[in-house]
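Descriptive analysis of the structure
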Amino acid sequence: GAFVVGTQRDIDTAALALDYKQDKWQFNAAYYDVKGKNDAALNGVADDTSFGQFYAAYKFDKNFKLAAQLLMAGDEVNGTDKTGYTARLDYKGMNVADKGSWGAWIMGFDAPAGVLYAPAGLDCDLNDARGVTGYEIGFNYAVQKNIKLQISYSDLEQKEAAAGTSKLDQQTTTAFVQFFF
C-alpha cells in the first residue's frame, strides 16, 4: 500500500505487460488488476477494478521520440469516460550512465477515473474519482554516472466535479534525485 494524504491505502495489484521493440518502433500492452483491501483503498473507485493500456513510440532520430498511449478503465466511475490517452514528445533523452547527458519532454493527457495513472507530481486524490486532464513538461540530467536529477511541472484539472463543487485543479513542480546501483 501507499501512504497518501493522511489515509492508509492498502492495495494489491497484479499486472501483465508485453513489450516489443524493433528499429525505431517500440510497443507495449499491459493489463492491471487492482484490489483494495479496505474502504479507503481506492477513493471513489470500486474496491476491485481493472484497466489496460496500449503504448506506441517512434524514434525519429537521435534527438526526437514521439509516444502515444491509450488508457482503458475497466469500470466507468462518476460518469467519466472509460478511455483516455497520453501523448509525449521527447527531446534528446538522458542516459544515466553518461555524465552530463540530458533530456526534456512535454506530455499531454486525458486519463479516465478508473485508471490509476498520473505524472510524477499528481496528488493521488485529484484523479481517484473524477479523472484528470492536463500537461506536464520536464527535464532530466545525469549529474554523475548513475545519478539522475529530474524536474517537472504539471498543470492538471479534474475532468468532472463532484455534485455541488467545482473541479479541482493543481499546478505542481516536482524535483527528485535517483541513484542507480
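Computed from a prediction, not measured in an experiment: that's the story for all the values here.

1. Remarks on the overall build of the protein
What the protein contains, in helices and strands, is 1 helix and 11 strands. Taken across its 181 residues, the protein has 36% of its residues classed as buried. Once local pairs closer than 6 in sequence are excluded, the contacts in the protein between residues at least 24 apart make up 49%. Accessible area for the protein stands at about 10,200 Å²; split by element, carbon and sulfur atoms hold 55% of it.

2. Examining the nonpolar core
Val34, Phe51, Leu71, Ala73, Trp105, Met107, Phe109, Ala111, Val115, Val132 and Leu156 form the largest nonpolar core, which has 11 residues in total. Elements supplying a minimum of two residues to this core: strand E6 (64-73) and strand E8 (102-111). Considering every element that reaches this core, the biggest residue donor is E8, with 4 residues. If sequence neighbours within four positions are ignored, Ala73 has contacts with Ser50, Phe51, Lys82, Pro112, Gly114 and Val115.

3. Quick look at the confidence of the model for the protein
Chain-level statistics for the protein give a pLDDT mean of 81 and a share of 77% at 70 or above. Contacts from residues 119-124, a stretch scored under 50 in pLDDT, to residues over four places away or in other chains number 21 contacts.

4. Points about the packing of aromatic side chains
Here the structure, examined in full by the defined rule, presents 8 aromatic pairs. Aromatic ring contacts, followed pair by pair, group Trp25, Phe27, Tyr58 and Phe60 into a single cluster.

5. Focus on the pairing of strand E7 (residues 83-91)
Consecutive side chains along a regular strand alternate between the two faces of the sheet. Across 9 bridges, E6 lies against E7 in antiparallel orientation. Bridge pairing in E7 places Leu70 opposite Tyr85. Where E7 and E8 come together, 7 bridges link them in antiparallel fashion. Across the sheet, residue Tyr85 finds its bridge partner in E8, namely Asp110.

6. Let's talk about the environment of Ile147
By the secondary structure assignment, Ile147 is in strand E10 (residues 147-158). Taking relative accessible area as the criterion, Ile147 reaches 22% and is therefore assigned partly exposed. Apart from the residues within four sequence positions on either side, Ile147 is in contact with Val96, Tyr141, Ala142, Val177, Gln178 and Phe179.

7. Regarding the environment of Gln178
Looking at where Gln178 falls in the secondary structure, it is placed in strand E11 (residues 169-179). When the C-alpha atoms of Gln178 and Gln150 are compared, they prove to be 8.2 Å apart, with 28 residues separating the residues in sequence.

8. A few points about the environment of Lys92
Within the element layout of this structure, Lys92 appears in the loop between E7 and E8. With relative accessibility at 33%, the residue Lys92 sits in the partly exposed group. Considering only alpha carbons, one finds Lys92 and Lys65, 27 residues apart in sequence, at a separation of 8.2 Å. Among all residues touching Lys92, those that are not within four sequence positions of it are Lys62, Asn63, Trp102 and Gly103.

How each quantity is defined
Numbering of residues begins from 1 in every chain and follows the order in which that chain's sequence is written. Predicted model: local features are reported for residues with pLDDT of at least 70 only, side-chain atom pairs are reported and counted for 80 or more only, and whole-chain, interface and lining totals are derived from all residues. Processing note: side-chain calculations cover all non-hydrogen atoms of the structure and skip hydrogens and water entirely. What counts as a helix is a DSSP run of H or I of at least four residues, what counts as a strand is a run of E of at least two, and both are numbered from the N terminus. Using a 1.4 Å probe on the protein chains alone, a residue whose accessible area is under 20% of its type maximum counts as buried, one over 50% counts as exposed, and one in between counts as partly exposed. Between two residues, a contact is recorded if the distance between any of their heavy atoms is within 4.5 Å. Only the protein chains shown count as cover for residues, and all accessible areas are computed by the Shrake-Rupley method using a 1.4 Å probe. Definition used in this section: a nonpolar core is a set of buried Ala, Val, Leu, Ile, Met, Phe, Trp, Tyr and Cys residues joined via side-chain atoms within 4.5 Å. The pLDDT score gives, residue by residue, the confidence of the prediction method on a 0 to 100 scale. Stacked, edge-to-face and tilted labels apply to pairs of Phe, Tyr and Trp rings (six-membered ring for Trp) whose centres lie within 6.5 Å, assigned for plane angles under 30 degrees, over 60, and everything in between, in that order. Think of it this way: DSSP has to see at least two bridges between two strands before they count as a pair.

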